[in-house]
Amino acid sequence: MATLKRFRRKEFLDKIITKRRLIILNEETFEEQFSLRLTILNLFLLLSIGAIFLVSVTTYIIAFTPLREYIPGYSSTQLKEKALLLGLKSDSLEFELKKNDAYIQSVKKVLTGDLEYAKVNKDSILASDYVDPSEYEMDASEEEKELRKQVEAAAKKNSK
């Protein structure tokens, strides 16, 4: 049994290593146009390298040229930029719409007399983003302190 397997393996190796000749002839004159010595192993290797080359060139063309835009799932950079700009514009329009709605609601309250005087702040309509003053450093500089002393002294002098 082992000898049969060895024999088949040797027979297979002999078939793929045996040199063969590829000849291209002129049909009318039987003149040899092209001749090439090959083995089945060389032919398989040549076809494999050719297929790998063809696949890699096709992949490169699709991945790094504008042709990729025709493949579903890929989008152009211009389309992405436009989508981003439209998103920003819609956000700002939404913000303006809320601000206008707040203004209209406050005007309606004034016209109908439903105004609550304790809650009215004329800057509240336009002040959309409240800034907490504690976030900023509000300490007076030395120059400002001197100016305050001069103003207080002048005020005391004028009041006498």
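Residues numbered from 1 in each chain as written. Predicted model: local features only at pLDDT ≥ 70, side-chain atom pairs only at ≥ 80, totals over all residues. Heavy atoms only, no water.

### Looking at the overall build of the chain
Okay, step 1: Each helix and strand counted, the chain has 4 helices and 2 strands in total.
Okay, step 2: When the elements of the chain are put in sequence order from the N terminus, they spell out α-β-β-α-α-α.
Okay, step 3: Considering the chain as a whole, with its 160 residues, one finds that 2% of them fall into the buried category.
Okay, step 4: Sequence separation of at least 24 residues holds for 12% of the intrachain contacts in the chain that already meet a minimum separation of 6.
Okay, step 5: Summed over its atoms, the accessible surface of the chain is roughly 15,600 Å², and 61% of this surface lies on carbon and sulfur atoms. (Helix = DSSP H or I, 4+ residues; strand = E, 2+ residues; numbered from the N terminus. Buried < 20%, exposed > 50% of the residue type's maximum accessible area, 1.4 Å probe, protein only. Contact = heavy atoms within 4.5 Å. Areas by Shrake-Rupley, 256 points an atom, 1.4 Å probe, with all protein chains shown as cover.)

### Digging into the confidence of the model for the chain
Okay, step 1: Here the chain shows a mean pLDDT of 83. Residues at 70 or above account for 86%.
Okay, step 2: Highest mean pLDDT in the chain belongs to helix 2 (residues 40–64) (93); lowest belongs to helix 1 (residues 2–17) (84). (pLDDT = per-residue confidence, 0-100.)

### Let's talk about the side chain of Thr 39
Okay, step 1: Here Thr 39 shows up in the loop between strand 2 (32–38) and helix 2.
Okay, step 2: According to the relative accessible area criterion, Thr 39 is buried, its value standing at 9%.
Okay, step 3: Polar side-chain contacts of Thr 39 include one of 3.0 Å to the backbone nitrogen of Asn 42.
Okay, step 4: In this structure Thr 39 touches Ile 16, Ile 17, Thr 18 and Lys 19, once residues within four positions along its chain are discounted. (Polar contact = N/O pair within 3.5 Å; in protein donor to acceptor, adjacent residues only side chain to side chain.)

### Topic: the environment of Phe 34
Okay, step 1: Locating Phe 34 in the fold gives a position in strand 2.
Okay, step 2: Note: C-alpha distance between Phe 34 and Ile 23 (11 residues apart in sequence) is 5.7 Å.
Okay, step 3: Not counting the four nearest positions on each side in its chain, Phe 34 is found in contact with Leu 22, Ile 23 and Ile 24.

### As for helix 4 (residues 142–159)
Okay, step 1: End to end, helix 4 covers 26 Å across 18 residues, agreeing with the expected 26 Å (1.5 Å per residue, within 8%).
Okay, step 2: The element helix 4 is largely exposed, with a buried count of 0 among its 18 residues. (Expected span 1.5 Å × (residues − 1).)

### Observations regarding the pairing of strand 2
Okay, step 1: When strand 1 (residues 20–25) meets strand 2, the two strands line up antiparallel, connected through 6 bridges. Along strand 2, the bridge assignment pairs Ile 23 with Ser 35.
Okay, step 2: If you look at the hairpin formed by strand 1 and strand 2, you'll find 6 residues sitting between the two strands, and Phe 30 has a positive phi there, around 55 degrees. (Pairing = 2+ DSSP bridges.)

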